[in-house]
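# An overview of the molecular structure
What follows is the residue order along each chain.
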Amino acid sequence: MKASSSYRLSPFGCTPPRTRWVRVDSRRAIPAVFALALVLVQITYPLSAGVARDRITVAVVALSAATALSHAATTRGLRWACGFFVIVSGLGLIAEIVGTATGFPFGSYAYAVERLGPAFADVPLAVPLAWTGGLYPIWIVASMLVSDGPQVGSNVRRVGLVALGAVGWDLFLDPQMVTDGQWAWAVTDAGLPGLPQIPYTNYLGWALVAAIMAVLLTVLDQRLAPARDPSVAVPVAVFGWTWLGSTLAHAVFLGLPASAIWGFAGLGLLGFPLFRRARPWATRVLDSRPRRDTPRFGTKTPDRHG
């Protein structure tokens, strides 16, 4: 089944083909403010330690989720935003509870539950909230990258890209949190080069859980109305900040060069195609700006006789 000629698959379901990256709308201020606060708080993370760092970690999780859900609510509506939260945080909590109890699907690990606020079944509630904040920009970017093909094929490719993006994000997240002592793995010598403390099974588990989330989100997309506002500037900016900002932070400020390389390469599987997709758009914006030598309306252009 193909999308109609006048509509195509987008981050928001079937929307007009001229989906805008930026749209002037007062509602854009809500997620934009949350996103700006998220960036500012994340900048303070390398400068902190101890209890202060734990509080910053919780604040980052809360702001990332607020950015995601406010953008979803203002572009897709409250029902879609609630559906996204229930699917991602709900399934994330279930996966974490099963994972800590049985070792499936991530491997055997345990949280330092006393550090990240309230917990349920030995899983800090900040963790499933982090799934929502982190997966939303990946979902948006993956949707953008597959928006030009047949709908069925695009849905399948989007599920794959979301799984890859989630693993790429975790290549930053897991080394950072393990180094900080937020959780620990039972097997610490079966990981990627430079990251032996995090087992391969963790990334396989992330790919599986993220793929299931993406399938359920695709069903949600098909059942609810398309976007009221097709702007994707905020989640795309958050994705770019996560990708490039985390690379810089791990390489320079956190002393984690291996995760900087792996994370940059992992999220780059979405980031580099996104960059190539954005270049024509940026070129059109720059070309549309008036040039200095272009006469303005109402001004007289002198002829060669003066």
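Structure: above.
Residues numbered from 1 in each chain as written. Predicted model: local features only at pLDDT ≥ 70, side-chain atom pairs only at ≥ 80, totals over all residues. Heavy atoms only, no water.

### Thoughts on the overall build of the protein
Test applied: In this description a helix means any DSSP run of H or I spanning at least four residues, a strand means any run of E spanning at least two, and both kinds are numbered starting from the N terminus. Note on exposure labels: buried denotes an accessible area under 20% of the residue type's maximum, exposed denotes more than 50%, and partly exposed covers the range between, all computed with a 1.4 Å probe on protein chains only. Surface exposure here means Shrake-Rupley accessible area, sampled with a 1.4 Å probe, where a residue is shielded only by the protein chains that are shown.
Check the secondary structure of the protein and you find 8 helices and 6 strands. Ordered by position from N to C terminus, the α and β elements of the protein give β-β-α-α-α-β-β-β-α-α-β-α-α-α. Burial status across the protein gives 48% buried among its 306 residues. Within the structure as shown, the protein displays about 15,400 Å² of accessible surface, and the carbon and sulfur contribution to it stands at 67%.

### Observations concerning helix α3 (residues 78-102)
The cut-off we apply is this: Expected helix span is given by 1.5 Å per residue-to-residue step, counting one fewer step than there are residues. It only takes one pair of heavy atoms within 4.5 Å for two residues to be counted as in contact.
Compared with the 36 Å implied by 1.5 Å per residue over 25 residues, the 35 Å span of α3 between its first and last C-alpha is a close match. On the buried face of α3, the contacting elements are α2 (50-76), β3 (109-111), β5 (123-124), α4 (126-145) and α6 (200-223). Trailing α3 by a residue or two, Gly 103 shows a phi angle of about 90 degrees, which is positive.

### Describing the nonpolar core
Applicable threshold: For this analysis, a nonpolar core means a set of buried residues of the types Ala, Val, Leu, Ile, Met, Phe, Trp, Tyr and Cys, connected via side-chain atoms within 4.5 Å.
Counting 68 residues, the largest nonpolar core has Trp 80, Val 88, Phe 106, Trp 131, Trp 139, Phe 239 and Leu 270 as the members making the most contacts within it. Per-element tally for this core: the top contributor is α4, with 11 residues. Ignoring anything within four residues of it in the chain, the contact list for Trp 131 reads Val 88, Gly 92, Glu 96, Phe 106, Trp 169, Trp 206, Val 209 and Met 213.

### Let's talk about α6
Taking 1.5 Å of rise per residue, 24 residues should cover 34 Å, and α6 covers 36 Å from first to last C-alpha, within 8% of that figure. For α6, every residue scored as buried is listed here: Asn 202, Tyr 203, Gly 205, Trp 206, Val 209, Ala 210, Met 213, Ala 214, Leu 217, Thr 218, Leu 220 and Asp 221.

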